[in-house]
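Observations on the model geometry
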Amino acid sequence: MFNVRDLGGLRTSGGQRLRPGRIYRSDDPYFATDADAAALGTLGIKTVIDLRTSAEIEQRGTRRWDELGARRLSRPLWRKVPSIEHAHRYLDPKNTAELYGEMHEENLATHAELWRSVADAATERTVVHCASGRDRTGIVVALLLSLLGVRREEILEDYAMSAEGMRRMLAHLEDTYPPETLKDWHLDKETIVLTPPEAIGHYLDWVQHRHGGIEGYAEQVQITDVVPVLRQNLLED
């Protein structure tokens, strides 16, 4: 696995910190080695919030989570598998944010279920992931951190940290698969590693415009009662 990290330690504008070891973000365990699985086991993950589509789950599987005995909840953020046709949109952070807005908007009716699942799971160690841990996970984590009151600059910094994970993933693909296979996959090496903080910043601006801010988002998806639970379970006293 290439893009795993604990969100613990991030600070809210009021000075509270996220509890360490309570919620993680990651890529999926498709390439996970036995050493990766052993490391995951030491984290004590109890619940997995899986943002992938049913087609991705069927193709890429859930084996490592099953081996760990974690409860896996399927909460797809997007109905379609991300496609190479969107690769050019990562060249400009504003275009990336527009793509994120489309992901956000497409399944908006399911967001309440997503957040209730996160709030319930966050009494124990939880991981949120998609395939690479950059885009759909980036959206959900940016929303989560905003709901918790984490400072904007820390949200942007956390998103940008996925760049290193994406570089590790690309290096693994290049080392593991012959060039003709990568060509058949239409892998865009230039855009797979682009994770500028401005992209998630523009997305947060889109949320402000679309919903009137994170409070308006919470009202629209009907989770105003969930936000205090998220804060209780994820923020230190």
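Scoring rules and cut-offs
- Residues numbered from 1 in each chain as written.
- Predicted model: local features only at pLDDT ≥ 70, side-chain atom pairs only at ≥ 80, totals over all residues.
- Heavy atoms only, no water.
- Helix = DSSP H or I, 4+ residues; strand = E, 2+ residues; numbered from the N terminus.
- Rg over C-alpha atoms; globule rule 2.2 N^0.38 Å.
- Areas by Shrake-Rupley, 256 points an atom, 1.4 Å probe, with all protein chains shown as cover.
- Lys, Arg positive; Asp, Glu negative; His and termini not counted.
- Charge placed at Lys NZ, Arg CZ, Asp CG, Glu CD.
- Pairing = 2+ DSSP bridges.
- Contact = heavy atoms within 4.5 Å.
- Axes fitted to C-alpha atoms, helices over the stretch in contact; angles between N-to-C directions.
- Core = buried A, V, L, I, M, F, W, Y, C linked by side-chain atoms within 4.5 Å.
- Buried < 20%, exposed > 50% of the residue type's maximum accessible area, 1.4 Å probe, protein only.
- Expected span 1.5 Å × (residues − 1).
- Salt bridge = Lys/Arg side-chain N within 4 Å of Asp/Glu carboxyl O.
- Phe/Tyr/Trp six-rings, centres within 6.5 Å; stacked < 30°, edge-to-face > 60°.
- Lys NZ or Arg CZ within 6 Å of the ring centre and 35° of its normal.

1. A word on the overall build of the protein
Summing up its helical and strand segments, the protein has 13 helices and five strands in all. Compactness check: the protein gives a C-alpha radius of gyration of 17 Å against a globular reference of 18 Å for 237 residues, within 12% of the reference. Principal axes of the C-alpha set define a box for the protein whose edges measure 50 × 40 × 30 Å. Put simply, the protein shows about 10900 Å² of open surface, and 48% of that area lies on carbon and sulfur atoms. With 30 positive and 38 negative side-chain charges, the protein shows a spacing of 3 Å between the two charge centroids.

2. So, the sheet that holds strand β4 (residues 71-74)
Through backbone hydrogen bonds, the strands of a sheet pair up, either in parallel or in antiparallel fashion. In spatial order, the strands read β1-β2-β5-β3-β4; together these five strands make up an open sheet with mixed pairing. Here the strands that pair on one side only, and so sit at the sheet edges, are β1 (5-6) and β4. When strand β3 (residues 47-50) meets β4, the two strands line up parallel, connected through four bridges. Residue V48 lies in a different strand from β4, and its bridge partner there is R72. Each of β2 (23-26), β3, β4 and β5 (126-129) is contacted by helix α5 (residues 111-121), which is oriented at about 160 degrees to β3, the strand it contacts most.

3. What to know about the nonpolar core
Side chains of nonpolar character tend, in soluble globular proteins, to be buried together. Among the nonpolar cores identified, the biggest contains 51 residues, and L18, W115, Y203, Y217, I223 and L230 are the most heavily contacted of them. Counting residues per element, the ones that place at least two in this core are α4 (93-106), α5, α6 (136-148), α7 (152-160), α11 (197-211), α12 (214-220) and α13 (227-234). Ranked by residue count, the leading element in this core is α6, at nine residues. Setting aside its immediate chain neighbours within four residues, Y217 contacts H104, L108, H111, W115, L143, V207, H211 and I223. Formed by nine residues, the second largest nonpolar core is a distinct cluster that contains M1, A32, L40 and W65.

4. So, α6
An ideal rise of 1.5 Å per residue puts 18 Å on 13 residues; α6 measures up with 18 Å between its terminal C-alpha atoms. In the stretch just after α6, G149 is the one whose phi turns positive, near 85 degrees.

5. Considering the pattern of salt bridges
Applying the stated rule across the entire model yields 23 salt bridges. Across the pair R64 and D34 runs a salt bridge whose closest N-O atoms are separated by 3.0 Å. On the criterion of sequence distance, the pair formed by R64 in helix α3 (residues 63-68) and D34 in helix α1 (residues 34-43) is long-range, its members being 30 residues apart. Among the residues examined, R64 registers a relative accessible area of 7% and is labelled buried. Here E67 and R63 are joined by a salt bridge, their closest N and O atoms 3.1 Å apart. Separated by four residues within a single helix, E67 and R63 lie in helix α3, roughly one turn from each other. Several salt bridges share partner residues, and in doing so they unite D28, D50, R52, R60 and R72 into one network.

6. Some remarks on the pairing of β3
Burial along β3 is two-sided: T47 and I49 and V48 and D50, pointing in opposite directions, are all buried. In the sheet, β3 pairs with β5 via four bridges, with the strands oriented parallel. If you follow I49 over to β5, its bridge partner there is V128.

7. Focus on unusual backbone geometry
With a phi close to 65 degrees, Q222 is a non-glycine residue in the positive phi region. Mapped onto the fold, Q222 is located in the loop between α12 and α13. Judged by relative accessible area, Q222 falls into the exposed class, the value being 61%.

8. A look at the packing of aromatic side chains
If you walk through the whole model with that rule in mind, you get five aromatic pairs. Centroid distance Y30 to F31: 4.9 Å. Interplanar angle 70 degrees. Geometry classified as edge-to-face. Aromatic pair Y100 and Y203: ring centres 6.3 Å apart, planes at 80 degrees, arrangement edge-to-face. One end of the pair, Y100, is in helix α4; the other, Y203, is in helix α11, with 103 residues separating them in the sequence. The exposure classification of Y100 matches that of Y203, with both residues buried. Above the ring of Y90, the side-chain terminus of R134 is found at 4.2 Å from the ring centroid.

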